[in-house]
Each structure stands twice: as C-alpha cells, then as structure tokens.
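Fold and geometry: a report
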Amino acid sequence: MRAQAYNKVLAHASTLLYADTMSSVQRWQVPAEHNEKSGVVHRPDGLKYLSPLRASAFLGLVRAGDALARDLSATLEREHGISLNAFEVLLFLAVFAPDGQLRISDLAQYAPLSQSRVSRLVSELETRGLVKRRRNEDDGRGVRVAVTESGVDKFRAAQETHLEDLDRRMFSRLDAKELQQLADITNKILDNEG
C-alpha cells in the first residue's frame, strides 16, 4: 500500500516538476521565448521544450495510463496470477472471438502489443493450459489461438476483480461528462487520419 501511495505522489510530483523546473531554470539560464500558438518554448540557442501546459497534458496522459495499467496488472497478478496483458488476451478470445479463437496476427491487432510479444504471451498461456495453438485450417500457414475451458474459467474468476479495480481507480473518479470528454479526447488523439 505504501508503494502505491509513493508511486501516486511521485507521478503527480513529476508532472508538476516539469513546469516548476522550467520556471526556475529560466531564471538562471538563457532567456526563452514562449510561443503560445505552438505551445513550445524557444531559447535563443535553438533548444526547445514544451510549455508547462502542454507538458502537463502530455506527461499527465502518459503517466496516468502507465500508472493505471501497472496498478491493474499488479492486482490481477496478486489475486489471479495473470497480467493485465494476459487478461486482455483471454478477454478477446473468451468474449469477442468467434468460436473462442483468433489468428495470432488478429490477436496482435486487438491487444496493444507487438506480434512477438503476443506470441510470447500466448506461449506462456499455453504452458499454463489457458489457450491452445492450432494451425490455421484455411491456409495452413497461420496460427490460430483458442481459449481453453481453463482459460475461460480463469477469465471468469478474474473479471469481477478487474472491473471493480477499474471502477475504483478510474470510473468512480469521473462523472458522466468527464468520462465522455476523456473518451472523445483519447479517440481524437488515436485517430490516425485526424
């Protein structure tokens, strides 16, 4: 518990530290010009850095995502012996995949992991009897991953813990309007065509 409190304080402090550091550094270093439109601070020597507002938004988003994923994973590891990434693989296979199976390349697209990381994770889950790999019957080259009955049981056992943890760490802290704003903002950032 102390470690979680420490990580929370550290993440908040480091987000604020950038802005505090920049304002104190500017007092004794090369004078800088802040371009409000670009959100970038320019120094006469050609060095640039984000304005405090942009740095706070960027670092806050990255650190909040990292902290949330790390904490959710730690809870799943402690309570059920699986990581957040393993939980997501089981989720896609048990809930969203037709017949409980997907090609490994499709699984890599759905999970926020590289194909090599998904392959290693699938190997770990297969060793534990939670998934099985099969040759793709359509072309014989690809590999399909199927969730086993034990994998569904593991997912079923972990789902309430995960949903309660998500609610406690994220959803209960946001009202409906903030949640919609967060969804809109993250979708806008992730929109490749935007």
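Going along each chain's sequence as written, the residues are numbered from 1 onward. Given that this is a predicted model, residues contribute local features only at a pLDDT of at least 70 and side-chain atom pairs are listed and counted only at 80 or more, while totals for whole chains, interfaces and linings are drawn from all residues. Heavy atoms from the whole structure form the basis of all side-chain values; hydrogens and water molecules are not counted.

**A word on the nonpolar core**
- Here the nonpolar core consists of buried residues drawn from Ala, Val, Leu, Ile, Met, Phe, Trp, Tyr and Cys, with membership extended through side-chain atoms lying within 4.5 Å. Note on classification: 1.4 Å probe, protein chains only; a residue is buried when its accessible area is under 20% of the maximum for its type, exposed when over 50%, partly exposed between these limits. Counting residues in each nonpolar core, the largest one holds 28 residues, and the members touching the most others are L93 and L107.
- For this core, the secondary structure elements donating two or more residues are helix 2 (52-80), helix 3 (84-96), helix 4 (104-110), helix 5 (115-127), strand 6 (143-147) and helix 6 (149-169).
- Looking at which element gives the most residues to this core, the answer is helix 3, with seven residues.
- Once residues within four sequence positions are removed from consideration, L93 is found in contact with G100, Q101, L102, V131, V145 and V147. Going along the chain from the N terminus, every DSSP run of H or I of four or more residues is numbered as a helix, and every run of E of two or more is numbered as a strand. Any two residues having at least one pair of non-hydrogen atoms within 4.5 Å are treated as being in contact.

**A closer look at helix 5**
- End to end, helix 5 covers 18 Å across 13 residues, agreeing with the expected 18 Å (1.5 Å per residue, within 8%).
- Every buried residue belonging to helix 5 is among V118, L121, V122 and L125, and all of these are buried. For helix 5, the buried positions fall inside an angular range of 105° around the axis, keeping them on one side.
- Residues of helix 5 that are buried in the fold lie against helix 3, helix 4, strand 5 (131-135) and strand 6.
- Two residues or fewer after helix 5 comes G129, characterised by a positive phi angle close to 80°. Expected helix span is computed as 1.5 Å times (number of residues minus one). Throughout, the arc means the angular range of directions from the helix axis out to the C-beta atoms.

**As for the sheet that holds strand 5**
- Strands are labelled as partners when DSSP assigns at least two bridges between them. The three strands are arranged 4-6-5 in an open sheet whose pairing can be described as antiparallel. At either margin of the open sheet sits one strand with a lone partner, and together these are strand 4 (101-103) and strand 5. The sheet shows a mean angle of 25° between the axes of neighbouring strands, direction not considered.
- In terms of strand pairing, strand 5 meets strand 6 through five bridges, oriented antiparallel. Residue V131 lies in a different strand from strand 6, and its bridge partner there is V147.
- Only the contacting stretch of a helix is used when fitting its axis, a line to C-alpha atoms as for every element, and angles between N-to-C directions run 0 to 180 degrees. Set on the sheet, helix 3 makes contact with strand 4, strand 5 and strand 6; between it and strand 6 the angle comes to about 85°.

**Some details on the packing of helix 3 against helix 6**
- Between helix 3 and helix 6, the shortest axis-to-axis distance is 10 Å and the interhelical angle comes to 115°. Here helix 3 and helix 6 pass one another in a crossing that is left-handed. Of the residues in helix 6, those in contact with L84, F87, L90, L91, A94 and V95 of helix 3 are G151, V152, K154, F155, A158, Q159 and H162.
- Looking at the contact of helix 3 with helix 6 residue by residue, the classes come out as nine nonpolar, three polar and one charged. Put simply, a crossing is left-handed when the front helix is turned counterclockwise from the back one by less than a right angle, and right-handed when it is turned clockwise. Gly falls in the polar group here, along with every residue not listed as nonpolar (Ala, Val, Leu, Ile, Met, Phe, Trp, Tyr, Cys, Pro) or charged (Asp, Glu, Lys, Arg).

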